[in-house]
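# Descriptive analysis of the structure
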Amino acid sequence: MANAASGMAVEDQCKLKFLELKAKRNYRFITYKIEDQQVIVDKIGGPDKTYEDFTNSLPGDECRYAVYDFDFTTDENCQKSKIFFIAWSPDTSKVRMKMVYASSKDRFKRELDGIQVELQATDPSEMSFDIIKSRAL
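Described in the following lines is the structure provided in the data block.

### A word on the overall build of the protein chain
Helix and strand counts for the protein chain come out as 4 helices and 6 strands. The helix and strand sequence of the protein chain, counted from the amino end, reads β-α-β-β-α-β-β-α-β-α. Over its C-alpha trace the protein chain gives a radius of gyration of 15 Å, about what one expects of a compact globule, namely 14 Å for 137 residues. Projected onto its principal axes, the C-alpha coordinates of the protein chain cover approximately 45 × 30 × 20 Å. Within the protein chain, the proportion of its 137 residues that are buried is 42%. Surface summary for the protein chain: the accessible area is close to 7,400 Å², and the carbon and sulfur share equals 48%. Computed over 21 positive and 23 negative side-chain charges, the inter-centroid distance for the protein chain is 3 Å.

### So, the pairing of strand β3 (residues 38-45)
Inspection of the sheet shows strand β1 (residues 9-10) paired to β3 by 2 bridges, in the parallel sense. What sits directly across from A9, in β3, is Q38. Looking at chain direction, strand β2 (residues 29-35) and β3 are connected through 7 bridges and run antiparallel. Looking at β3, one finds that E35 is bridged to Q38. Here β2 folds back onto β3 in antiparallel fashion, the turn holding 2 residues, of which D36 has a positive phi close to 50°.

### Focus: the nonpolar core
By size, the foremost hydrophobic cluster in this structure holds 20 residues, and its most contacted members are Y32, V39, Y65, V67 and F108. Looking at this core, the elements that each hand over two or more residues are α1 (12-24), β2, β4 (64-73), β5 (79-88) and α3 (95-111). Setting aside chain neighbours within four positions, we find V39 in contact with M8, A9, V10, E11, C14, Y32, K33, I34, Y65 and F108. Within the second largest apolar cluster, 17 residues are counted, among which are F29, A66, F70 and W88.

### Comments concerning the environment of D75
The residue D75 is located in the loop between β4 and β5 in this model. In this structure D75 comes out as exposed when scored by relative accessible area, which is 76%. Each C-alpha atom of the pair D75 and K109 lies 30 Å from the other, and the pair is 34 residues apart in sequence.

### Structural notes on the pattern of salt bridges
For the structure on display, the rule yields 11 salt bridges. Across the pair K33 and E35 runs a salt bridge, and its minimum N-O distance is 3.3 Å. The partly exposed category is assigned to K33, whose relative accessible area is 21%. A salt bridge links R64 to E62; the shortest N-O distance between them is 3.0 Å. Taking the relative accessible area as the measure of exposure, E62 reaches 31% and is therefore partly exposed.

### Details of the sheet that holds β2
Remark on secondary structure: sheet strands pair via backbone hydrogen bonds, oriented parallel or antiparallel. Judged by pairing direction, the sheet is mixed, and its 6 strands sit side by side in the order β1-β3-β2-β4-β5-β6 without closing on themselves. If you trace the sheet from one side to the other, it starts and ends with β1 and β6 (117-121), each paired once.

### Re the environment of I115
With respect to the secondary-structure elements, I115 resides in the loop between α3 and β6. Ignoring anything within four residues of it in the chain, the contact list for I115 reads F18, V67, I83, F85 and K109.

### Some thoughts on α3
Across its 17 residues, α3 extends 25 Å between first and last C-alpha, which sits within 8% of the 24 Å expected from 1.5 Å per residue. At K105, α3 shows its maximal kink, close to 45°.

### Here we look at the pairing of β2
For β2, the tally of buried residues reaches 5 of 7 residues, placing the bulk of the element in the interior. In this structure, β2 lies alongside β4, joined through 4 bridges in antiparallel fashion. Among the inter-strand pairings, T31 is bridged to a residue of β4, identified as A66.

So, how was this worked out
Residues numbered from 1 in each chain as written. Predicted model: local features only at pLDDT ≥ 70, side-chain atom pairs only at ≥ 80, totals over all residues. Heavy atoms only, no water. Helix = DSSP H or I, 4+ residues; strand = E, 2+ residues; numbered from the N terminus. Rg over C-alpha atoms; globule rule 2.2 N^0.38 Å. Buried < 20%, exposed > 50% of the residue type's maximum accessible area, 1.4 Å probe, protein only. Areas by Shrake-Rupley, 256 points an atom, 1.4 Å probe, with all protein chains shown as cover. Lys, Arg positive; Asp, Glu negative; His and termini not counted. Charge placed at Lys NZ, Arg CZ, Asp CG, Glu CD. Pairing = 2+ DSSP bridges. Core = buried A, V, L, I, M, F, W, Y, C linked by side-chain atoms within 4.5 Å. Contact = heavy atoms within 4.5 Å. Salt bridge = Lys/Arg side-chain N within 4 Å of Asp/Glu carboxyl O. Expected span 1.5 Å × (residues − 1). Bend = angle between axes of the 7 residues up to and from the residue.

Quick look at the structure:
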């Protein structure tokens, strides 16, 4: 399943874990990394994990894709949930790595059916809890 443009394959486990997050809500977040020309699952956070646990799981100098299941309460007091796709590309990561992640992002995101909000972040301030909350509402 390599993409002609980026030559990137997506490991089946990536989609399976995402479906479990979406349908069964087994996980709070999943991070993915590119290794040997394919996207693989990097880390998984259980349903008890917080947004801070999620942000702490992202490396400071390497790119990652991530999916986060954000629960929130609306102004009308309704419990809701939105699934975020976050492209983490810190300024301190290698240029080649940033290029590979940027060129593969759209294709990988298409594999994950059910993403509701997309966010691109180059440093933690661009994906603060307040930003996530404002994008969810």
